[in-house]
Amino acid sequence: MGKDLNNSKPETSLQFIDQLQALIETIGNNGSVQCILCNVHILQYTVLAVALAYLYWKLFHQPYDLFMDFTELGFEDVDNPENIRNNTSRRNAINEMRRRKKNRKLPPAYPNGWYAVLESKVLKVGQAREMYALGNNFVVWRGSSGCAYVADAYCPHIGAHLGVGGEVRGECIQCPFHSWAFDGKSDGKLVSIPYSDKLPEFVKIKMWKTFETDGFIFIWNHAESLDPTWHPDEIPEINLNTWSYRGRSEMRVACHIQEIPENGADPAHLNVLHSDLVLCGDNPKESFFSWNFIKHVWKANWTPNTDDPNRRHEAIVKVNHHIMLFGWLPCLKINVDIHQTGPGIVALHFNTFLGKAVFIQTVTPIEPLLQRVVHHFYSSSWIIHPLAKLIIDGEAKQVKIVSLETFAYGTESHTCINQI
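The residue numbers shown here count from 1 along each chain, following its written sequence. A pLDDT threshold of at least 70 governs which residues receive local features in this predicted model, and a stricter bar of 80 or more applies before side-chain atom pairs are shown or counted, although totals over entire chains, interfaces and linings include all residues. Water and hydrogen atoms play no part in the side-chain values, which are based on all heavy atoms of the structure.

**As for the overall build of the chain**
Thought 1: In terms of regular secondary structure, the chain is built from seven helices and 19 strands.
Thought 2: Pairs of residues are marked as contacts when any of their non-hydrogen atoms sit within 4.5 Å. Counted over contacts in the chain with a minimum sequence separation of 6, partners at least 24 positions apart contribute 56%. For the purposes of this entry, the term helix denotes a DSSP run of H or I that reaches at least four residues, the term strand denotes a run of E that reaches at least two, and both are numbered from the N terminus.

Below, the structure is given as structure tokens:
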């Protein structure tokens, strides 16, 4: 009368399997099942091949792109819950504290020199971009000839922003409001008003002297509006595309621009702040792992270039680096020649057992106590792409370590460094 519930499921499962097998054998007589299984296998292999190809491209070919914001480092006291209710009030409090730093005596916020306003690869022919740097709003455009131009952003007619909706016509930038056109080749002169035959000869936009090389568009800034006395160095391996572009990093650092090159002229800090392995992270003191058995060891010498009277804008740092294992076994030796040209350009030339490479660092003041630091990394083919990515990431972490220890606290190193 009753059913054995414990045996019903196995019987049902066995019956289902038998029925499924019979169905497969029946359909299989015309090869349909074999065809379906074959297609499934092909699909699986295709998906696997695509996944492997993507991982290979990601690891060995895609340029690294990193952005880090260090502008809140050193303002941990702002996190007091009694004063800060939300992220907006926290940001406002940090900005207020940064503004207070301006009350102390500072060196010139925008020293004379060349500054990168834009990376070359983001400005195509016929494009216009707006940029903010050196306390100014700029319009940057690339004419049909491929030449890049930089001018003050606002149209002298009614004040429209030429970089917001402005169009490129030949070598001209055309205002988005009334289509007034200004020629980059003729020093920003007004060359067209669509609804008027008369052109006031005195109307023009302020053009900035530009120089494009090494993947950046630079402008010349001088407090007394004097012409350039030098130009950024052109690195053949970059401009001739003989080396591979490995990637970039961009950082915002809350400090005066002078503090960054002064950091390069201070070799004594290297074995204090930069001895821990990069794998320890950007704050080795809080690292989960202990890597005391392996350390970076640095030896550096900073000198101004006084031998060449035409290169007095340059300082040279010779750096010898190696990894020390267990306190007695040196390995992975690297020599770096660093050329600081002016206040805002640094070229780090690496010579390693795997090949040669170059780091281009540009420092551009956004405002007096806020800097945009951009790195581009190029290397010979012998330096594999994953290692290049690790170098870019490691460099960014080293910048954060220095930012955490010095920049964010508004150090006044510029008043005492020559006394040490």
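**Some thoughts on the confidence of the model for the chain**
Thought 1: For the chain, per-residue confidence averages 80 on the pLDDT scale, and residues scoring 70 or more make up 76% of the total.
Thought 2: Strand E12 (residues 216-221) holds the highest mean pLDDT among the elements of the chain, 97, whereas helix H1 (residues 5-27) holds the lowest, 57.
Thought 3: A score between 0 and 100, pLDDT records how confident the predictor is in each residue. This model gives residues 1-9 a pLDDT under 50, and the stretch forms zero contacts once residues within four places in sequence are excluded.
Thought 4: Ignoring residues within four places in sequence, the model shows residues 408-420, a span with pLDDT below 50, making 25 contacts including any to other chains.

**A word on the pattern of salt bridges**
Thought 1: A pair is scored as a salt bridge if a Lys or Arg side-chain nitrogen falls within 4 Å of a carboxyl oxygen belonging to Asp or Glu. Counted by the stated rule, this structure contains 11 salt bridges.
Thought 2: With its nearest N and O atoms 2.8 Å apart, the salt bridge here joins Arg-248 to Glu-250. Comparing Arg-248 with Glu-250 shows no difference in burial state: the two are buried.
Thought 3: Across the pair Glu-250 and Arg-252 runs a salt bridge, and its minimum N-O distance is 4.0 Å.
Thought 4: To sort residues, take the accessible area from a 1.4 Å probe on protein chains only and compare it with the maximum for the residue type: under 20% means buried, over 50% means exposed, and anything in between is partly exposed. For Glu-250, a relative accessible area of 13% puts it in the buried group.
Thought 5: Linked by salt bridges that have partners in common, Glu-119, Arg-248, Glu-250, Arg-252 and Arg-372 make up one network.

**Let's talk about the side chain of Asp-214**
Thought 1: Its location among the elements puts Asp-214 in the loop between strand E11 (210-213) and E12.
Thought 2: In summary, the charge assignment counts Lys and Arg as positive and Asp and Glu as negative, without counting His or the chain termini. One buried charged residue, Asp-214, remains without a salt bridge, the closest side chain of opposite sign being Arg-311 at 10.0 Å.
Thought 3: Within the local environment of Asp-214, its side chain forms a polar contact with the side chain of Thr-213, the two groups lying 3.2 Å apart.
Thought 4: In contact with Asp-214, other than residues within four places in its own chain, are Asp-233, Glu-234, Ile-235, Ile-238, Asn-239, His-376 and Tyr-378. In protein, a polar contact means a hydrogen-donor-capable atom and an acceptor-capable atom, both N or O and within 3.5 Å, with residues adjacent in sequence counting only if both atoms are side-chain atoms; elsewhere, any N or O pair within 3.5 Å suffices.

**Concerning the sheet that holds strand E18 (residues 355-367)**
Thought 1: Whether two strands pair comes down to DSSP finding at least two bridges between them. Spatial strand order, E1-E13-E19-E18-E17-E16-E15-E14: eight strands in an open sheet with mixed pairing. At either end of the open sheet lies a strand with only one pairing partner, and these are strand E1 (64-69) and strand E14 (294-304). On average, each strand axis in the sheet is tilted by 15° relative to the strand beside it, whichever way the strands run.
Thought 2: In the sheet, E14 pairs with strand E15 (residues 314-325) via 11 bridges, with the strands oriented antiparallel. Looking at E15, one finds that Ile-294 is bridged to Leu-325. Under this scheme, a helix contributes an axis fitted over its contacting stretch, all axes are lines through C-alpha atoms, and angles between N-to-C directions fall in the 0 to 180 degree range.

**A closer look at the nonpolar core**
Thought 1: Residue types Ala, Val, Leu, Ile, Met, Phe, Trp, Tyr and Cys, when buried and joined through side-chain atoms within 4.5 Å, form a set referred to as a nonpolar core. Grouped together as the largest cluster of nonpolar side chains are 26 residues, with contacts concentrated most on Val-140, Val-150, Ile-217 and Met-251.
Thought 2: Among the elements of the structure, E1, strand E2 (113-119), strand E3 (128-133), strand E4 (136-142), strand E5 (148-152), E12, strand E13 (244-253) and helix H7 (385-405) are those that each provide at least two residues to this core.
Thought 3: Here this core takes three residues from E2, the largest share from any one element.
Thought 4: Residues within four places of Val-140 in sequence aside, it is in contact with Val-117, Leu-118, Leu-123, Gln-127, Ala-128, Arg-129, Met-131, Tyr-149, Val-150 and Ile-217.
Thought 5: Within the second largest apolar cluster, 17 residues are counted, among which are Val-139, Ala-151, Ala-160 and Phe-182.

**Here we look at the packing of aromatic side chains**
Thought 1: Within 6.5 Å between ring centres, the rings of Phe, Tyr and Trp (the latter by its six-membered ring) count as paired, and their orientation is classed by plane angle as stacked under 30 degrees, edge-to-face over 60, tilted in between. Scanning all chains against the criterion turns up 11 aromatic pairs.
Thought 2: Here the aromatic rings of Trp-114 and Phe-211 are separated by 6.1 Å at their centres, their planes lie at 55°, and the arrangement is tilted. Highlighted residues: Trp-114 in strand E2 and Phe-211 in strand E11, separated in sequence by 97 residues.
Thought 3: Ring plane angle 50° and centroid distance 6.1 Å describe the contact between Phe-350 and Phe-359, whose orientation is recorded as tilted.
Thought 4: Residue Phe-359 is classed as buried on the basis of its relative accessible area, which comes to 0%.
Thought 5: Grouped by ring-pair contacts, the aromatic residues Trp-114, Phe-211, Trp-220 and Trp-230 constitute a single cluster.

**What to know about the environment of Tyr-149**
Thought 1: Along the chain, Tyr-149 falls in strand E5.
Thought 2: A C-alpha to C-alpha distance of 6.7 Å links Tyr-149 and Thr-210, two positions 61 residues apart in sequence.
Thought 3: Apart from residues lying up to four places away in sequence, Tyr-149 is in contact with Val-139, Val-140, Trp-141, Gly-143, Glu-171, Gly-184, Lys-185, Met-207 and Thr-210.
Thought 4: In this structure the side chain of Tyr-149 is engaged in a polar contact, spanning 2.7 Å, whose partner is the side chain of Glu-171.

**A short note on the side chain of Glu-262**
Thought 1: With respect to the helices and strands, Glu-262 occurs in helix H5 (residues 259-264).
Thought 2: In terms of polar contacts, Glu-262 uses its side chain to reach the side chain of Gln-258, at 2.8 Å.

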